[in-house]
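Analysis of the macromolecular model
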Amino acid sequence: MVKLNDLTLRDGHQSLLATRLRTEDMIPVLELFDEAGFYALEVWGGATFDAPLRYLKEDPWERLRIIRENIRRTKLMMLLRGQNLVGYHHYPDDVVEKFVEKAYENGIDIFRVFDALNDFRNLLTSVKTAKRVGAEVQVSIVYTISPVHTMEYYVKLAEKAKGLDADTITIKDMAGILEPYTACELVKEIKNATGLPINVHSHATAGFGPITLIKAAEAGADLLDVTISTMSMATSHPPAETIAYILKQKGMDPGVKIDVLLKIAEYFWNVRKKYKEYDYIYKGPIVDSRVIVHQIPGGMLSNLVSQLEQYKALDKLNEVLEEVPRVREDLGWPPLVTPLSQIVGTQAVMNVLLGERYKIVIKEVKDYVKGLYGRPPAPIKEWLVKKVLGDEKPIEGRPADYLEPMLPKIKKELSPDLVEKEEDYLTYALFPDEALKFFKHRKELKRKALSVFKVKLGDQVIDVNVDRIEGKYLVELQGQRLNVYPEEE
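Residues numbered from 1 in each chain as written. Predicted model: local features only at pLDDT ≥ 70, side-chain atom pairs only at ≥ 80, totals over all residues. Heavy atoms only, no water.

Turning next to the overall build of the protein. Secondary structure assignment for the protein yields 20 helices and 13 strands. Whereas a compact globule of 489 residues would reach a radius of gyration of roughly 23 Å, the protein reaches 24 Å, a difference of no more than 12%. Seen through its C-alpha atoms, the protein measures out along the principal axes to roughly 85 × 60 × 50 Å. Of all 489 residues assigned to the protein, the portion counted as buried reaches 57%. Looking at the protein alone, contacts between residues at least 24 apart form 72% of all its contacts between residues at least 6 apart. For the protein, the accessible surface area stands at approximately 21400 Å², while carbon and sulfur atoms represent 51% of it. (Helix = DSSP H or I, 4+ residues; strand = E, 2+ residues; numbered from the N terminus. Rg over C-alpha atoms; globule rule 2.2 N^0.38 Å. Buried < 20%, exposed > 50% of the residue type's maximum accessible area, 1.4 Å probe, protein only. Contact = heavy atoms within 4.5 Å. Areas by Shrake-Rupley, 256 points an atom, 1.4 Å probe, with all protein chains shown as cover.)

For strand β3 (residues 75–80), the buried fraction is high: five of the six residues fall into the buried class. Pairing geometry for strand β2 (residues 40–45) and β3, over five bridges, is parallel. When the bridges of β3 are listed, G45 appears paired with L79. For β3 and strand β4 (residues 110–113), the ladder comprises four bridges, and the chain directions are parallel. Across the sheet, M78 pairs through a bridge with F111, a residue of β4. What joins β3 to β4 is helix α5 (residues 93–105), and the crossover it makes is right-handed. (Pairing = 2+ DSSP bridges. Right-handed = clockwise from strand over helix to strand, strands pointing away.)

Before going further, it helps to examine the pattern of salt bridges. Per the stated rule, a full pass over the model turns up 46 salt bridges. Residue D109 is joined to R68 by a salt bridge in which the shortest nitrogen-to-oxygen separation is 2.7 Å. Taken together, the positions of D109 in the loop between α5 and β4 and R68 in helix α4 (residues 60–70) put the pair 41 residues apart, joining distant regions of the chain. For K102, the salt bridge is made with E422, and the minimal N-O distance between the two is 3.3 Å. Of this pair, K102 sits in helix α5 while E422 sits in the loop between α18 (407–413) and α19 (423–430), and the two are 320 residues apart along the sequence. By relative accessible area, K102 is classed as buried at 9%. Look at E422 and you get partly exposed, because its relative accessible area is 29%. Linked by salt bridges that have partners in common, D59, E420, K421, D424, R442 and K446 make up one network. (Salt bridge = Lys/Arg side-chain N within 4 Å of Asp/Glu carboxyl O.)

Interpreting fine coordinate detail is not advised for predicted regions of low pLDDT. In this model, the protein carries a mean pLDDT of 91, and residues with pLDDT of at least 70 account for 91%. When the criterion is pLDDT under 50, residues 467–481 qualifies, and its contacts beyond four places in sequence or with other chains add up to 36 contacts. Confidence drops under a pLDDT of 50 for residues 483–489, and excluding neighbours within four residues, the segment shows 12 contacts in the predicted structure. (pLDDT = per-residue confidence, 0-100.)

Set out below in structure tokens:
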């Protein structure tokens, strides 16, 4: 039987709403999601760690705990970038191990793990730790198109994934370029080679998405990724209700309750209006067939536009889109997925704006050429290696083996009065600048919340401590709840 994973609370709003969906707008439908009958809900990871911390002043760990408290029957899944975790470069093994342990402890049942280069050496620590703590592991194969990314290449990767003791293999099509008949062949070949359950993840960017999922199911895929209809399509994913209905008609009923899905869909149709300023629907086409040529995921495309706007050079966008595949070829055909999409894109922008290719080589490209991100799918152009490294040789081992442990140092340098829980050390390890800003913001809120205010009850004036909730003060007093507004507000 084919089962469905819902990605609305992670990849759905990351794709459509710039990852700006607040926890408070998730809470009202969590019980409905739990009732809907999905195999798993992807609720964490990717940019949903960074963005809440950076833009929403929310603690991503607290978000996960709230979701877990409200969803008790359905498995929770996160997207983990292997040795990158939820950041943009590699972290030492001690950080990776502790992060996976704490994510599991806070509610993650399934770790969907991938490496941007499909270098499985970068998955060893995270997969081993996830298996040790008792989690389910999906090893992801990043799908892209290039002269070196052949069917044979993907089958060999799948066999390596099985060797990592994966519970499931995920075909991860982040750009929406996996067309239906290739998906059909890919699922059959990987299934024959490994015998493992296959999960297909594809975006709707190029318009292939819904058809690709149905063909994958017909070929034997066990799990399909969807989002609720009102958070689907464009750069997001195929709609859950549509896919469920088609599968049921085909005799492959995924067991979801469509009446419950429709309630969730109605909710998000209204909530989405709050995020209009970030909504992709106002910024790009519903179907963008250009992605079939340039293979640039929606998030990367918006990032390129932002960079060019910053330099007042938006008229150079087409030149940059033409430069991206050239840079990608120079660098050995890396898939355009985080963090490599940002690296390739930024270097392409620099090449175009400066009017000379690689006049300036950004630091991340230098690190990539040194081998600090892993082994590329094909050799990097020799002239570029020479330009970047001179007589220096790239590293040959697993990149994380060259990193010193971080946690002992962090526990010494992070001020104890900013730390509330062990997870704070991990947040700081991943995003030190943003973490410090958040910790100080949190401390100030707590300081205000613990302020004493005078409240008049009848003829009596008493002092009370209050808790801050959504900009107001809420008082618990003798079984009554009173809203109290401090004078300075």
